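# Reading the structure
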Amino acid sequence: MSHLRPPTRETDPAATATRVRPGASAAAPAGDPAARTTAPDPAWAPEALRPGWWRDGVLYQVYPRSFLDTDGDGHGDLPGVAARLPYLRRLGVSGIWMTPITASPDADWGYDVSDYLAVHPDFGTSEDARELFAQAHEQGVGVLHDVVPNHTSDRHPWFVDACSSRDARFRDFYVWADARPDGSPPNNWVSMFGGPAWRWHAPTGQYYLHNFTPRQPDLNWWDPRVRRAFRTILRHWTGLGVDGFRIDVCQAIVKDRELRDNPPATAEDRTNVRLRGQRPVYSMNRPEVHDVLRDWRALVDRHPRRPILLGETNTHDLQALSRYYGAAGAGPGSELHMAFNFRFMGQPYEAGPLRSIVAETERVLPAHAQPVWTLSNHDGSRYVTRWLGGDQRRVRGALLLLMSLRGTAMLYYGDELGLGDAPPVPLADARDPLAHGGLPGKDSRDPCRAPMPWDDAPHAGFTTGTPWLPAHDPRVTSVAAQERDPDSHLRFTTDLIALRRARPELHRAPMELPVLADGVLTLRRGPLDCHVNLSGTDVRLPGGHVLLATDRADDGTTPDALRLAPWQGAVVERR
Ligand code: NOJ
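All values derive from a computational prediction rather than experimental measurement.

Looking now at the overall build of the protein. Assigned secondary structure in the protein consists of 16 helices and 19 strands. A globule of 575 residues ought to have a C-alpha radius of gyration of about 25 Å, and the protein, at 24 Å, matches this closely. Counting the 575 residues in the protein, one finds 60% classified as buried. For the protein, contacts bridging at least 24 residues in sequence account for 69% of all contacts bridging at least 6. When the accessible surface of the protein is summed, it comes to about 21,100 Å², and 53% of that surface belongs to carbon and sulfur atoms. Each charge class in the protein was averaged separately, 66 positive and 71 negative side chains, and the resulting centres sit 4 Å apart.

A few words on the nonpolar core. Generally speaking, soluble globular proteins have nonpolar side chains that are buried together. If you look at the biggest cluster of nonpolar residues, it comprises 136 residues, and the most contacted ones within it are Tyr60, Met98, Phe133, Trp158, Phe230, Trp237 and Tyr349. For methionine 98, the contacting residues outside a window of four places in its chain are Val62, Pro64, Leu78, Val81, Leu132, Phe133, Val143, Leu144, His145 and Asp146. Residues Ala517, Val539, Leu541 and Leu564 belong to the second largest nonpolar core, which totals 10 residues.

Right, let's get into the side chain of arginine 227. Within the secondary structure, arginine 227 sits in helix H7 (residues 224-240). No salt bridge is formed by the buried arginine 227, whose closest oppositely charged neighbour, aspartate 291, lies at an N-O distance of 5.2 Å. Among residues more than four places away in sequence, those in contact with arginine 227 are Trp221, Val254, Asp291 and Val292.

What follows concerns the sheet that holds strand S6 (residues 176-177). What the three strands build is an open sheet, ordered S6-S8-S7; its pairing is antiparallel. Edge positions in the sheet fall to S6 and strand S7 (198-201), since each of these pairs with one other strand and no more. Sheet topology places S7 next to strand S8 (residues 206-209); four bridges connect them, and they run antiparallel. By the bridge assignment, arginine 199 is partnered in S8 with tyrosine 208.

When cut into domains, the protein gives domain 1 (33-151 + 223-502), domain 2 (157-209) and domain 3 (511-574). The gap between the C-alpha centroids of domain 2 and domain 3 is 56 Å.

Now for helix H13 (residues 395-404). Of all 10 residues that make up H13, 10 are buried, and the element is covered over most of its length. The set of residues buried in H13 consists of Val395, Arg396, Gly397, Ala398, Leu399, Leu400, Leu401, Leu402, Met403 and Ser404.

This part takes up the sheet that holds strand S5 (residues 142-147). Spatially, the eight strands line up as an open sheet ordered S11-S10-S9-S5-S2-S1-S13-S12, and their pairing is parallel. At either end of the open sheet lies a strand with only one pairing partner, and these are strand S11 (338-339) and strand S12 (372-374). Where strand S1 (residues 58-62) meets strand S13 (residues 408-412), four bridges bridge the pair, whose relative direction is parallel. Within S13, the residue paired with valine 58 across the bridge is alanine 409. Contacting S5 and strand S9 (244-247), H7 crosses the sheet at an angle of about 155° to S5. Contacting S1, S12 and S13, H13 crosses the sheet at an angle of about 145° to S13.

The subject of this paragraph is the confidence of the model for the protein. Of all residues in the protein, 91% have pLDDT values of 70 or greater, and the mean over the chain is 90. pLDDT under 50 marks residues 1-47. Its contacts with residues more than four places away, or in other chains, come to 110 contacts.

Mapping serine 191 onto the fold places it in the loop between S6 and S7. Note on serine 191: relative accessible area 0%, which makes it buried. A polar side-chain atom of serine 191 sits 3.4 Å from the main-chain carbonyl oxygen of asparagine 211. Of the polar contacts made by the side chain of serine 191, one reaches the backbone oxygen of phenylalanine 212; its length is 3.0 Å.

Thresholds, definitions, all that
Residue numbers here run from 1 along each chain, matching the order of that chain's written sequence. Local features are withheld for residues below a pLDDT of 70 in this predicted model, meaning they are given only at 70 or higher, and side-chain atom pairs are given and counted only at 80 or more; totals for whole chains, interfaces and linings count all residues. Excluding hydrogens and water, the side-chain figures rest on all heavy atoms present in the structure. For the purposes of this entry, the term helix denotes a DSSP run of H or I that reaches at least four residues, the term strand denotes a run of E that reaches at least two, and both are numbered from the N terminus. Between the two quantities, the radius of gyration covers C-alpha atoms and the globule rule is 2.2 Å times the number of residues to the power 0.38. Exposure categories follow from relative accessible area, calculated using a 1.4 Å probe and restricted to protein chains: below 20% of the type maximum is buried, above 50% is exposed, and the middle band is partly exposed. Contacts are assigned to residue pairs with any non-hydrogen atoms lying within 4.5 Å of each other. To measure how exposed things are, a 1.4 Å probe is used in the Shrake-Rupley method; for residues, cover is taken only from the protein chains shown. The positive count covers Lys and Arg only, the negative count covers Asp and Glu only, and His and the chain ends enter neither. Where a charge sits is defined by one atom per residue type, namely NZ (Lys), CZ (Arg), CG (Asp) or CD (Glu). Here the nonpolar core consists of buried residues drawn from Ala, Val, Leu, Ile, Met, Phe, Trp, Tyr and Cys, with membership extended through side-chain atoms lying within 4.5 Å. Here, a salt bridge means any Lys or Arg side-chain nitrogen found within 4 Å of an Asp or Glu carboxyl oxygen. Any two strands with at least two DSSP bridges between them are considered paired. As annotated, the domain borders come from an automatic or database domain assignment. For helices, the axis comes from a line fit to the C-alpha atoms of the stretch in contact; other axes are also lines fit to C-alpha atoms, and the angle between any two N-to-C directions lies between 0 and 180 degrees. What pLDDT expresses is the predictor's confidence in each residue, scored from 0 to 100. Polar contact is defined as a pair of N or O atoms within 3.5 Å, subject to the rule that within protein one atom must be able to donate a hydrogen and the other to accept it, and that residues adjacent in sequence are counted only when both atoms are side-chain atoms.

Here's what the structure looks like:
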């Protein structure tokens, strides 16, 4: 395939399209949404990447295979991402994270890498990647590359060599162990995807470890050559122009050297742990992972562009999470710049549980640590389905909360449209390995990965070919429809991001969590209160100047008392 130029199928208005000025929402006449979107923003001219883009801005997760296909093969590609940079820029995002774009046989859709330095041909070429990164920078958008250090594909040449004999050159790149006397696996570890984490390799008479599918053998981070290889990989991608890395399964890459059994789960453990019947004490979360992260941090800090590290830190212990930021010393931390806090999205959509996670996070994270929050990603049901039961009237309240938390907000593509999960894919057409059983209680991830609905063309404007997964129905919603509608979720999200920029205390100031009414979550920062009514009944709150409300008719008004219907919210400047 050739990916030389961005496509001409760009449906977005020209890059010069007018957009909302930061804070313009607040000043617009109440009840006149159109008035909010006419003022050009002089501060929004193309620019180089701003320092602190990841700290002050809103990031956006692109699932490239489902974003935009420009060559008709049914798979989204890098020129497709490049073609939609103007869309992302208008939305106001300052950085994107793309799930893996590296070569892979796709047993786990890119999370089984067969060449860490090559671009997957479905996505394009290294030249396309370089071009995308350069275009993103011109538009003031940073790019995070997804690096997968816990495991490779079973087709990676390292593993192919490792399987050739017990004393193959790359044998120790992986975790091999003898069977127990009765022939059973060396310990009790179970795969994150269900079943034992060990696969017998008859030709060489040992088991190998796989914390995910058997086609994803775990790397052995006790071998210094693995550590050297990943330094080369990080340098390669920074050389191509990325601004940082999202680190897959960050907490698990170093395993217990003695491969001790994990202890059993208890009734107090969270569902995911109970499902697997054991606490992953020795198979992940080892203290030695911090040596690797310190080494990576030193490496990126030496680079003139100062790429950042964002960890998929899948720990539910916030104390453990805080350690991934490393020691502060004189300046910023010594390990990750940001560590995903999955506790937030794992709560029910209720004021009490959400407030307590936010409060605990504020208490536990050290001052230098930048929290990062998200509502959805490619590994589970989207927030609109999971939290809101598909109820579109609740979408803006959830977005308001996300954007008003202290720290960085990460949107998943389509979150800005209020996109829910796509309908289930029949088993015969399923793409996700988890669709075919595995872990009970873990559903197929196909519905949250459906192609982005751009417009009402066939396949929602995603492809001219046959999409790899059925696209969302554009009659339900699409980018084009929401761009036309001055009262859409897309316009709301755009204005919300602009408000964050205009009033940085919204994401920067220390947070207080006053309880002003039952079932209402209030995030207070300085003079600003962000309220969301999760109570199911109307509530009355102290008034003030409404900077932005889920009911746009309230924008710019100054009521004595704020009335919020169920699921509605507002950012209010107190008097
Ligand atoms: C986490 C990724 O987000 C997920 O998609 C993948 O299946 C596992 N890691 C294994 O790499």
